[in-house]
Amino acid sequence: MLKRIDREQQTKRVNMTYKTTTKGFTPLSIRTHKARKAHTCVKCSKTVPKGDNYTKTVATEDNMFMSNAWHSSCFVDHSEYIDDCNKRQ
Ligand SMILES: [Zn+2]
């Protein structure tokens with residue numbers, strides 16, 4: 001029952017989120033923030049400097065709670081990559 005609700009929420013948010021092929025991935029929140037402290041980008045492992053805009057994603061994956069910071073450009077790159085993968089399937 002819970003799984004079904006999650007899938008409906010995911011479908012509604014499809015324009016602002018991305019899908020992965022990973023089982024059980026459920027995005028909870030994808031937002032752009034201004035960094036109040038330095039973060040490390042999860043994609044390129046470089047620093048997001050304090051004061052810069054960055055994308056923060058919160059998601060659950062196979063019961064693990066994940067909160068990641070991304071350079072906004074890295075997140076766009078990643079979203080496009082995932083979209084491409086989905087189109088090829
Ligand atoms: Zn980055």
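Residues numbered from 1 in each chain as written. Predicted model: local features only at pLDDT ≥ 70, side-chain atom pairs only at ≥ 80, totals over all residues.

**Student:** How should I be thinking about the overall build of the protein in this particular structure?
**Tutor:** Of the regular secondary structure elements, the protein holds 2 helices and 5 strands. When each of the 89 residues of the protein is scored for burial, the buried share is 10%. Within the protein, residue pairs in contact and separated by at least 24 positions form 47% of the contacts whose partners lie at least 6 positions apart. (Helix = DSSP H or I, 4+ residues; strand = E, 2+ residues; numbered from the N terminus. Buried ≥ 20, exposed ≤ 12 C-beta atoms within 10 Å, placed from the backbone. Contact = placed C-beta atoms within 7 Å.)

**Student:** Would you take a moment to explain the confidence of the model for the protein for this structure?
**Tutor:** When pLDDT drops low, the exact placement of atoms in the prediction is not to be read closely. A residue-level look at the protein finds 72% of positions with pLDDT of 70 or above and a mean pLDDT of 80. Mean pLDDT in the protein bottoms out at helix H1 (residues 2-12), which sits at 55, and peaks at strand S3 (residues 47-48), which reaches 97. (pLDDT = per-residue confidence, 0-100.)

**Student:** I would appreciate a short explanation of the nonpolar core in the present structure.
**Tutor:** In summary, soluble globular proteins display a tendency toward joint burial of nonpolar side chains. One finds Val48, Tyr54, Ala69, Trp70 and Phe75 forming the largest nonpolar core, which totals 5 residues. Excluding anything up to four places from it in sequence, Tyr54 contacts His33, Ala35, His39, Val48, Ala69, Trp70, His71 and Ser72. (Core = buried A, V, L, I, M, F, W, Y, C linked by C-beta atoms within 7 Å.)

**Student:** I would appreciate a short explanation of the pairing of strand S4 (residues 53-61) in the present structure.
**Tutor:** With 8 bridges joining them, S4 and strand S5 (residues 64-71) adopt antiparallel strand pairing. Among the inter-strand pairings, Ala59 is bridged to a residue of S5, identified as Met66. (Pairing = 2+ DSSP bridges.)

**Student:** Help me understand unusual backbone geometry, please; the structure alone is not making it clear to me.
**Tutor:** Glycine aside, a negative phi is what most residues show, and trans is what most peptide bonds show. Although it is not a glycine, Ser45 sits at a positive phi angle of roughly 65°. Relative to the elements of secondary structure, Ser45 occurs in the loop between strand S2 (39-40) and S3.

**Student:** Just checking my understanding: could you explain the environment of Thr57 for this structure?
**Tutor:** The residue Thr57 is located in strand S4 in this model. In this structure Thr57 comes out as partly exposed when scored by C-beta crowding, with 19 C-beta atoms within 10 Å. Counting along the chain gives 26 residues from Thr57 to Arg31, while the straight-line C-alpha distance between them is 6.5 Å. Residues contacting Thr57, with those up to four places away along its chain left out, are Pro27, Ser29, Ile30, Asn68 and Trp70.

**Student:** Would you take a moment to explain the environment of Phe65 for this structure?
**Tutor:** Inspection of the secondary structure assignment puts Phe65 in strand S5. Separated by 39 residues in sequence, Phe65 and Thr26 place their C-alpha atoms 9.7 Å apart.

**Student:** Help me understand the environment of Ala69 in this model?
**Tutor:** Mapped onto the elements of the fold, Ala69 is located in strand S5. By C-beta crowding, Ala69 is classed as buried, having 20 other C-beta atoms within 10 Å. For the pair Ala69 and Arg31, spaced 38 residues apart in the sequence, the C-alpha separation amounts to 9.8 Å. With residues up to four places along the chain from it excluded, the contact list for Ala69 reads His39, Thr40, Cys41, Val42, Val48, Tyr54 and Lys56.

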